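Read off the chains here:
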Amino acid sequence: MKQVIKGLGGRPFTGRFTPPPDKSITHRAFMLAALAAGESEVINPSSGLDCRSTLACVEALGARARWEGPERVIITGTAGHPTEPVDILDAGNSGTTTRLLSGVLAGQPFFSILTGDASLRSRPMGRVTKPLRQMGATISGRGGGDLAPLAINGTRLRPIDYALPVASAQVKSCLILAGLAADGETVITEPLATRDHTERMLVKAGARLHVAAGAPSPAAAAPAAPPSRGRQVRVPGPQILRPFSVRIPGDISSAAFFLALAAAIPGARLTVEEVGLNPLRDGFQRSLVKAGIPLETRAAPATGAGDAYGNDAYGDEPWGDITLTGPQSFRGLNLEAEDIPDLVDEVPILAVLATQASEPSLIRGAAELRVKESDRLAGIAGQLAAMGARIEERPDGLYIEPSRLRGAQVRTYGDHRLAMSLAVAALLAEGETSIEDFECAAVSFPGFGEELARLTSGGSTEGNEAGGHDGARPKDGGAR
Ligand code: S3P
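Keep in mind that this is a model prediction, so the values were computed, not measured.

From N to C terminus, the protein chain includes 13 helices and 23 strands. Taking all 480 residues of the protein chain together, 59% fall into the buried category. If you take every contact in the protein chain between residues at least 6 apart in sequence, the share linking residues at least 24 apart comes to 76%. When the accessible surface of the protein chain is split by element, carbon and sulfur atoms take 52% of a total near 17200 Å².

In structure tokens form, the structure reads like this:
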């Protein structure tokens, strides 16, 4: 489906918005609840397509989900003993589903196959199949086990001591989940700290795990580099999780599209409510502040009581509100490898924002973006260039000069974050932009077009994704 969006002409907007529930945290809630011994409660889960894929997979593995209204699901877990699925598990577009579940499946005494859509089948899985094979699982897949479909013959796993070659929360979480079923202590060291939603939720589920500063990152060896932010997680196995109740905060990665739009329009004012403020996901906010875009963050009082295993900071996710007022101008957005894990999904929207800066911006150390739902460096560079941006793609990043954007025909490559980034670019551009395959936004943010139209109601967004919202959309046209 095509979405046609007219530029706002720099007209400021004022509004409040509650982002959709966090996708990363919802995946973990569904998976850990499916492993727990009893009934867990997940309040406010993401209804994005990715999380639906996870829920369908865990149901196929014997967990039972009972919805009590649209915002509350009770999951009866398998007490660490999922059942052999009778059919192929379909992860859809979701790398998180595939990588985290492969860690669960590797430790089960049965056969399973995991696959997904064309994008997912092109993404590197060797980063999980290699260590899982070292733990004793038999895994085959295309390209020697690097590409889905992955066929997994699970077994009783051996623990390993593994240093991740790339900073990836998905790989770390895969190995933590495998470690829960292993005979002994699994040790995972990451080169840079990545989002710790799995660790926090495991503490809620009564798991024993230990988190400490890890080995120095390769970057830390270089002179003048910031100190290592690596971490080490140790998971003793086997262990069975106890059921838990979790409320999912709003997704900062979804909120980022709206915050970037407000940041780029002098005088625009936006408050984002009940959004996750995990310090390993806050790189977007920090990069805005560094560029001179003021933000006000109000964290809700911590509710987590910590846990009995010395991980006091864990057990709950921080959340709160963020208010931003678009400044008259802001500096370039410069990012280094060390900055990437905390804002990895926000790089495309930061590239859009960088076109509006008063100075050039340079993003480096972001080669991981090439293996996301699409090659996001090539995708955003190509599509913003089509809109008149002066942007250069580099092997590991982007160079962006201050640019005037103009309406164009652009495409999303079926990537939800490119779709939403381009929608924001369209509102900042002169004229009209037509975005192909816009429906993929629903992977993480169903109703994104509607929300965008509501907040910017003077501007016009048309298409058939949004489906109307309180008359906020000036025209309710179909796809053109
Ligand atoms: C995710 C981790 C990130 C991120 C993805 C979700 C997660 O991937 O890009 O959207 O939920 O763990 P990597 O950890 O592979 O960088």
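Glancing now at the packing of aromatic side chains. On inspection of all chains with the given rule, the structure shows seven aromatic pairs. Look at Phe-17 and Phe-258: their rings are 4.3 Å apart centre to centre, the planes differ by 40°, and that puts the pair in the tilted class. Of this pair, Phe-17 sits in strand 2 (residues 14-17) while Phe-258 sits in helix 8 (residues 252-264); the two residues are 241 residues apart in sequence, bridging distant segments of the chain. For the pair shown, Phe-17 and Phe-258 are each scored as buried. According to the relative accessible area criterion, Phe-17 is buried, its value standing at 1%.

What follows deals with the sheet that holds strand 13 (residues 231-237). Pairing in this open sheet of four strands is mixed, and the strands run 10-11-13-12 from one edge to the other. Of all strands in the sheet, those with a lone pairing partner are strand 10 (161-163) and strand 12 (210-213), marking the two edges. For this sheet, the mean angle separating the axes of adjacent strands, direction not counted, is 15°. The pairing of strand 12 with strand 13 spans four bridges and is antiparallel. Of the residues in strand 13, the one forming a bridge with Ala-212 is Gln-232.

Note that His-416 resides in helix 12 (residues 416-428). Between the C-alpha atom of His-416 and that of Glu-373, which follows or precedes it by 43 residues, the distance is 8.1 Å. Within the structure, His-416 has its side chain in polar contact with the side chain of Glu-373 (distance 2.9 Å).

Attention now moves to the sheet that holds strand 17 (residues 319-325). Taken in spatial order, the four strands line up as 2-15-17-16 in an open sheet, and their pairing is mixed. Single-partner strands in this sheet number two, and they are strand 2 and strand 16 (295-299). On average, adjacent strands in this sheet sit at an angle of 15° to one another, irrespective of strand direction. Sheet analysis places strand 15 (residues 269-276) next to strand 17, joined by six bridges and oriented antiparallel.

As a structural note, the neighbourhood of the ligand is formed by Lys-23, Ser-24, Arg-28, Thr-96, Ser-168, Ala-169, Gln-170, Arg-195, Val-344, Asp-345 and Lys-372. For the ligand, an oxygen atom lies 2.6 Å from a polar atom in the side chain of Arg-28. One nitrogen or oxygen atom from the main chain of Gln-170 is found 3.0 Å from an oxygen atom belonging to the ligand. Considered on its own, the ligand offers 380 Å² of accessible surface; in the complex 96% of this is hidden by protein. Spatially, the ligand is embedded in the largest pocket. Looking at the shell around the ligand, the elements that each hand over two or more residues are helix 1 (23-35) and helix 6 (169-180). Here the shell around the ligand takes three residues from helix 1, the largest share from any one element. Class assignment of the residues belonging to the shell around the ligand gives a composition of two nonpolar, four polar and five charged. Each of domain 1 (3-20 + 250-462) and domain 2 (23-247) accounts for three or more of the residues forming the shell around the ligand.

Moving on to empty space enclosed by the protein. One pass over the structure, following the stated rule, counts three cavities of 30 Å³ or more. What the largest cavity holds in volume is close to 60 Å³. Lining the largest cavity are Met-31, Ala-34, Leu-35, Val-58, Leu-61, Gly-62, Ala-63, Thr-78, Pro-82, Leu-101 and Val-104. Contributions of two or more residues to the lining of the largest cavity are made by helix 1 and helix 3 (95-106).

Definitions and limits used
Residues numbered from 1 in each chain as written. Predicted model: local features only at pLDDT ≥ 70, side-chain atom pairs only at ≥ 80, totals over all residues. Heavy atoms only, no water. Helix = DSSP H or I, 4+ residues; strand = E, 2+ residues; numbered from the N terminus. Buried < 20%, exposed > 50% of the residue type's maximum accessible area, 1.4 Å probe, protein only. Contact = heavy atoms within 4.5 Å. Areas by Shrake-Rupley, 256 points an atom, 1.4 Å probe, with all protein chains shown as cover. Phe/Tyr/Trp six-rings, centres within 6.5 Å; stacked < 30°, edge-to-face > 60°. Pairing = 2+ DSSP bridges. Axes fitted to C-alpha atoms, helices over the stretch in contact; angles between N-to-C directions. Polar contact = N/O pair within 3.5 Å; in protein donor to acceptor, adjacent residues only side chain to side chain. Near = heavy atom within 4 Å. 1 Å grid on protein atoms, 1.4 Å probe; cavity = no way out; pocket = protein on both sides within 12 Å on 5 of 7 lines; lining within 4 Å. Sits in = over half its atoms within 2 Å of the grid points. Nonpolar A, V, L, I, M, F, W, Y, C, P; charged D, E, K, R; others polar. Domains from an automatic or database assignment. Points joined across faces, edges and corners; volume = space filled by probe spheres on them.

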